[in-house]
Structure formats: C-alpha cells, structure tokens
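Analysis of the macromolecular model
Single-letter residue listing:
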Amino acid sequence: MTSPSDFLEELDDDGLLVPVVAVVGRPNVGKSTLVNRIIGRRQAVVEDIPGVTRDRVAYDAQWSGRRFTVVDTGGWEPDAKDRAARIAAQAEIAVATADVVVFVVDGVVGPTDVDEAAVRMLRRGGKPVLLVANKIDSSRQEPEVAALWSLGLGEPYPVSALHGRGSGDLLDAVLAALPTPAPVEDFSDKPRGPRRVALVGRPNVGKSSLLNKLAGEERALVDPVAGTTVDPVDSLVQIGGEEWLLVDTAGLRKRVGQASGTEYYASLRTAAAIDAAEVAILLLDSAEPISEQDTRILSMVVDAGRALVLAFNKWDLVDEDRRLRMTREIERELRRVPWALRVNVSARTGRSVDKLAPALRLALANWERRVPTGQLNSWLTALVQATPHPIRSGKAPRVLFATQAGTSPPKFVLFTTGPLDPGYVRFIERKLREEFDFEGTPVHVTVKPRQ
Ligand code: GDP
Ligand code: GDP
C-alpha cells in the first residue's frame with residue numbers, strides 16, 4: 001500500500017499552476033493599495049477579518065480573462081535588522097517564487113538608496129520586473145517619473161494605485177510578461193449531463209447485484225430528458241431521485257454469479273472505469289475481511305485523483321461480532337483514506353442504496369471545491385505561526401504562502417524557503433482537510449521551495 005507522501009508529485013511546468021505576480025517595494029510606497037486595486041476592492045472588503053488582515057499575503061486576481069495570484073510581500077521578514085535588508089530579503093523571496101515582479105516606488109519621492117538595494121537583488125534574480133511609479137495621481141506629475149530611469153529597470157509605469165489611474169496599462173504589461181497562458185477557467189453555467197460514476201470492487205463483492213438493483217433488467221440506454229444516447233458500455237441509473245452514469249459497466253451486465261473473467265481483465269476494466277469516472281464507488285464485502293485486492297483498487301482510485309465513496313455491501317450479513325472486527329479492520333486497512341465517505345448497503349435487500357446519492361454528491365462537491373487564495377492564506381499564516389516547521393540542524397524552512405492550483409481533485413502548492421519534512425506536509429494537509437471540508441476527495445499538496 002502506498003503512503004500519503006505519494007501525493008507529493010511535481011506539477012509539470014505547463015501544468016495547472018497559476019502564475020504568481022509579486023508586488024515588492026519599501027514601506028508606504030502603496031503596495032497594499034495597488035494589490036487592492038488589482039484584486040478589486042470587493043474581494044478585499046469581503047474577506048477582511050479584524051486582526052488577520054496584515055497576515056494575508058496572496059490573493060486571486062483576474063485580468064482580461066487570465067487568472068493569476070498576486071502576492072503582497074509587505075508582511076515578510078519581520079525580524080530583519082534594518083530596512084534595506086528587509087526589503088532586499090523580500091525582493092529575494094519575490095524573485096524566487098514569482099513569475100513576474102512588480103516593483104513599486106514612490107513616483108513623487110523618486111529613487112532612494114533602499115530602492116536601489118532592492119533593484120540589485122531583483123536584477124540578479126533574472127525574473128521579468130515591471131517598475132511602477134506610484135502616486136502619480138494626475139498627468140501633471142508624469143514628468144517626475146523620468147528620474148526613475150536611473151534604476152535601470154526600463155520605462156516606469158506611472159500609476160495611481162489610489163485612484164486607479166494607469167493600472168489597466170500596468171496589468172496589460174503584467175499579462176504580457178507572464179509565461180505560457182494559464183488554463184482558461186470555465187465559468188459558464190452550462191448544464192452538464194449526469195455525473196460519471198465508476199462502480200468498482202474485487203470479484204464477488206456484489207457489483208452486478210447492485211447494478212441490477214439500481215438499473216432494473218430492461219433499463220433503456222437513452223436519456224429520456226436530454227435525448228442523448230448513452231454509450232452502450234455505460235448504464236444510466238437512478239439513485240436518490242437523480243440520474244447517474246455508471247461508466248464501463250458492460251462487463252457487469254450479466255446474470256449474478258456468472259464468471260467475471262480473469263483477474264487481469266477485471267483489473268484492466270477497473271482501471272478504465274476509474275479513468276472515465278469523476279467519482280468511484282468502491283464496493284466492499286462486509287462479510288469478508290478487507291483484503292489486499294480491496295486496498296489495491298482503493299489505491300487505483302486515490303492515485304487517479306477521483307472522488308471516493310466506500311460502500312460496504314452485504315450489510316444484511318453483518319452481525320455484532322463482525323461489526324466490531326470490521327471497525328478494527330477499517331482503522332488498519334483504510335488508514336490511507338480517513339477522509340473517505342462510508343455507506344453500508346445491501347444490494348440484496350436494497351438497504352440504504354439511496355444513501356449512496358448524498359455521499360456521491362458531497363464527494364463531488366468537495367472534489368471540485370476551490371478555496372479563495374486570500375482565505376487560504378489567512379488560515380495558513382495562523383497555522384504555521386502556531387505550529388512552525390520543526391528545526392533541522394539549526395534551521396527551519398518557512399511556508400511563505402499557498403495557492404490552490406487546481407480542482408478535481410483539489411491541488412495546493414506551498415511556496416516555501418526550503419524543502420519540508422513529509423510529516424509536516426501531511427500535517428498541513430490534515431489541517432487543510434479539517435478547515436475546508438475535503439471529505440470524500442483526495443487532496444494533492446505540492447511543495448515549491450525557492451531555488
Ligand atoms: P505599502 O506600505 O507599500 O503597502 O503602502 P500602502 O498601500 O499602505 O500605502 C501607503 C500610503 O500611501 C497610504 O496612506 C495610501 O493611501 C497612500 N497611497 C497609496 N497609493 C497612492 C496613490 O496612488 N496616490 C496617493 N496620493 N497616495 C497613495
Ligand atoms: P460481482 O462479482 O462484484 O459482480 O458480484 P455479484 O453481484 O456477482 O455478487 C456475488 C455474490 O454475492 C452473489 O451470489 C450475490 O447474490 C451475492 N450478493 C451480492 N450482494 C449481496 C448482498 O447485499 N447481500 C448478500 N447476502 N449477498 C449479496
């Protein structure tokens with residue numbers, strides 16, 4: 001059986017990772033004002049909770065249909081000795097974690113020593129840097145920004161973060177500087193067909209029996225509502241008053257008790273069904289001990305990143321004694337999935353079969369859950385402050401911020417100052433699950449240490 005640390009897979013470079021834009025600059029130049037301008041004031045107000053505002057560093061943003069994460073570096077490095085060192089350290093982190101750096105200076109004041117120290121660091125990092133001359137509230141002030149050419153970062157963008165002047169041009173430039181386009185989010189509310197479910201489990205747990213119970217013998221393979229033809233290998237069934245598409249069930253449409261083919265083909269069919277599905281019902285035989293074959297199929301579902309419902313079938317055969325033994329078996333054999341939803345059913349009597357529907361719905365909702373970046377980071381900052389990473393040879397890596405890189409299943413990326421202990425990553429994942437309701441779905445957590 002595989003361990004939770006198997007989740008620590010790398011995201012490929014053109015994967016789901018949303019690009020990161022870091023806003024850097026010395027205090028009072030207007031970084032937070034600019035960040036608020038970029039994310040839209042509504043989001044900032046909605047998420048404002050007294051006391052935690054200062055801790056929040058990363059937010060979701062969108063411009064011209066592209067999604068990115070904007071990071072306000074203001075809160076970092078509170079214990080650095082002097083100001084210049086602090087700003088340089090901020091800049092260093094920004095360079096390491098961001099795809100594009102927005103470097104903000106006060107356009108009225110002009111370049112300062114501290115600005116110059118930060119620039120040296122930014123240039124070494126080799127990331128695209130956009131220079132913002134902030135507080136240029138009117139066109140009359142624009143000539144003042146010419147002095148900023150001396151910073152050697154090219155043409156300054158005159159912006160008034162307070163009034164919004166010039167921020168559109170800046171954002172156009174930010175998008176142009178981003179790497180490969182982020183995947184386009186589908187925000188449309190287009191109606192979708194029935195959710196796709198894989199009914200899996202080792203031979204004889206009762207898959208055919210359950211399918212027959214749900215579908216009836218003569219179930220038409222045409223969706224009467226949408227008029228669409230269902231693939232003949234799939235079965236359209238009603239559970240809890242709702243239609244569900246049980247995928248790749250052709251092999252199960254047989255008389256109960258008929259031979260189900262070799263184990264090899266059964267395993268191929270299982271993999272194909274999981275692949276085609278959004279959520280899997282893993283059927284277990286409650287009368288039998290949980291076997292290695294069960295946990296192997298469980299791993300197939302989890303590794304494929306599908307939502308999961310465990311259905312303990314043949315519950316009509318379970319007595320008090322078996323129930324007690326089962327509790328211990330579940331703790332031991334299913335420890336990889338403490339988050340899985342469980343339903344006790346009987347395909348023979350029909351007991352609780354309808355209860356599969358709410359479990360499927362909940363698992364799918366959590367599988368598709370997106371946590372707003374601001375909310376994620378206010379929670380994460382408090383968590384890592386209360387329980388920092390253990391110290392290893394005098395040092396402890398720090399978690400700087402996190403973003404949710406994708407859904408289905410939820411994928412999170414932790415930006416850190418160094419590699420994290422797998423145990424600490426599991427701790428964060430466990431807390432993440434407690435906080436944001438990820439019952440019924442795998443959650444992927446990736447660590448991105450700064451180079
Ligand atoms: P930070 O420390 O860099 O995050 O700076 P803040 O965003 O907190 O801004 C510092 C001060 O500058 C605040 O009083 C802002 O209202 C002010 N400020 C920010 N942007 C502008 C601007 O574009 N024009 C003017 N006139 N003031 C600004
Ligand atoms: P499959 O190989 O997973 O498709 O399993 P089948 O549906 O062929 O069922 C295997 C055996 O278990 C058959 O003899 C079924 O009658 C029996 N069975 C299936 N579901 C139940 C149940 O809920 N209770 C009991 N007592 N037997 C069941």
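In what follows, the accompanying structure is described. (Residues numbered from 1 in each chain as written. Chains lettered and ligands numbered in written order. Predicted model: local features only at pLDDT ≥ 70, side-chain atom pairs only at ≥ 80, totals over all residues. Heavy atoms only, no water.)

1. Some thoughts on unusual backbone geometry
Quick reminder of the rule: The numbering of helices and of strands both runs from the N terminus, where a helix is a DSSP run of H or I of at least 4 residues and a strand a run of E of at least 2. Three labels apply to residues, based on accessible area from a 1.4 Å probe with only protein chains included: buried if under 20% of the type maximum, exposed if over 50%, partly exposed otherwise in between.
Cis geometry is found at the peptide bond from Ser408 to Pro409, where omega equals 5°. Position of Pro409 relative to the elements: it lies in the loop between β13 (399–406) and β14 (411–416). In the Ramachandran plot, Asn204 falls in the positive-phi region, its phi being about 75° despite a non-glycine side chain. Backbone geometry places Asp248, a non-glycine residue, at a positive phi of 55°. Here Asp248 lies in the loop between β9 (242–246) and α7 (263–276). Residue classification places Asp248 among the partly exposed residues on the basis of a relative accessible area of 27%.

2. A look at the sheet that holds strand β4 (residues 100–106)
Going by this rule: Whether two strands pair depends on DSSP finding at least two bridges between them. The contact criterion used throughout is that any non-hydrogen atoms of two residues lie within 4.5 Å. Simply put, an axis is a line fit to the C-alpha atoms, just over the touching stretch for a helix, and the angle between two N-to-C directions goes from 0 to 180 degrees.
The strand order across the open sheet built from 6 strands is β2-β3-β1-β4-β5-β6, with neighbouring strands paired in mixed fashion. Every interior strand has two partners, whereas the edge strands, β2 (58–63) and β6 (157–158), have only one. Relative to β6, strand β5 (residues 129–134) runs parallel, the two being bridged by 2 bridges. Residue pairing in the sheet places Ala133 in a bridge with Pro158 of β6. Sheet strands in contact with helix α1 (residues 31–39) are β1 (20–24), β2, β3 (66–72) and β4, and its direction is about 160° off that of β3. On the sheet, helix α4 (residues 113–125) packs against β4 and β5 and is oriented at approximately 170° with respect to β4.

3. Examining the site of ligand 1
Using the following cut-off: Whether a residue is near a molecule or strand depends on its heavy atoms: if one lies within 4 Å, it is near. For this analysis, a polar contact is any N or O atom pair within 3.5 Å, provided that within protein one partner can donate a hydrogen and the other can accept it, and provided that sequence-adjacent residues contribute only side-chain to side-chain pairs. Exposure was quantified through the Shrake-Rupley algorithm and a 1.4 Å probe, taking into account, for residues, occlusion by the shown protein chains and nothing else. Amino acids are sorted into nonpolar (Ala, Val, Leu, Ile, Met, Phe, Trp, Tyr, Cys and Pro), charged (Asp, Glu, Lys and Arg) and polar (every other residue, Gly among them).
What surrounds ligand 1 is a group of 14 residues, the closest being Asn28, Lys31, Ser32, Thr33 and Asp137. Asn28 is positioned such that a nitrogen or oxygen atom in its backbone is 2.8 Å from an oxygen atom of ligand 1. In the environment of ligand 1, an oxygen atom lies 3.1 Å from a nitrogen or oxygen atom belonging to the backbone of Leu162. Coverage of ligand 1 by the protein chains reaches 70% of its 580 Å² of free accessible surface. Here the shell around ligand 1 gets 3 residues from one element, more than from any other, and that element is α1. Grouping the amino acids of the shell around ligand 1 by side-chain chemistry returns 4 nonpolar, 6 polar and 4 charged.

4. Here we look at α1
Here is the rule: Here the arc refers to the directions that run from the helix axis out to each C-beta atom.
Those residues of α1 that fall on the buried side of the exposure criterion are Lys31, Leu34, Val35, Ile38 and Ile39. Relative to the axis of α1, the buried residues are bounded by an arc of 125° and lie together on one face. Count one or two residues on from α1 and you reach Gly40, which has phi positive near 85°.

5. Details of the site of ligand 2
What surrounds ligand 2 is a group of 18 residues, the closest being Asn204, Lys207, Ser208, Ser209 and Asp316. Within the backbone of Gly206, one N or O atom sits 3.0 Å away from an oxygen atom of ligand 2. Residue Ser208 places a side-chain N or O atom 2.7 Å away from an oxygen atom belonging to ligand 2. Per-element tally for the shell around ligand 2: the top contributor is helix α6 (residues 207–215), with 3 residues. Of the residues assigned to the shell around ligand 2, the class counts are 5 nonpolar, 7 polar and 6 charged.

6. Digging into the sheet that holds β13
Spatially, β13-β14-β15 is the arrangement adopted by the 3 strands of the open sheet, whose pairing is mixed. Strands at the two margins of the open sheet, each flanked by one partner only, are β13 and β15 (444–449). Within the sheet, the average angular offset between the axes of one strand and its neighbour, ignoring direction, is 25°. Of the pairings in the sheet, the one linking β13 to β14 comprises 6 bridges and is antiparallel in character. Opposite Gly406, over in β14, you have Lys411 as the bridge partner. In this fold helix α11 (residues 373–386) packs onto β13 and β14, with an angle of close to 145° to the strand it touches most, β13. Packed on one face of the sheet, helix α12 (residues 422–436) meets β13, β14 and β15 and runs near 130° to β15.

Function cannot be read off these values alone, since they describe shape.
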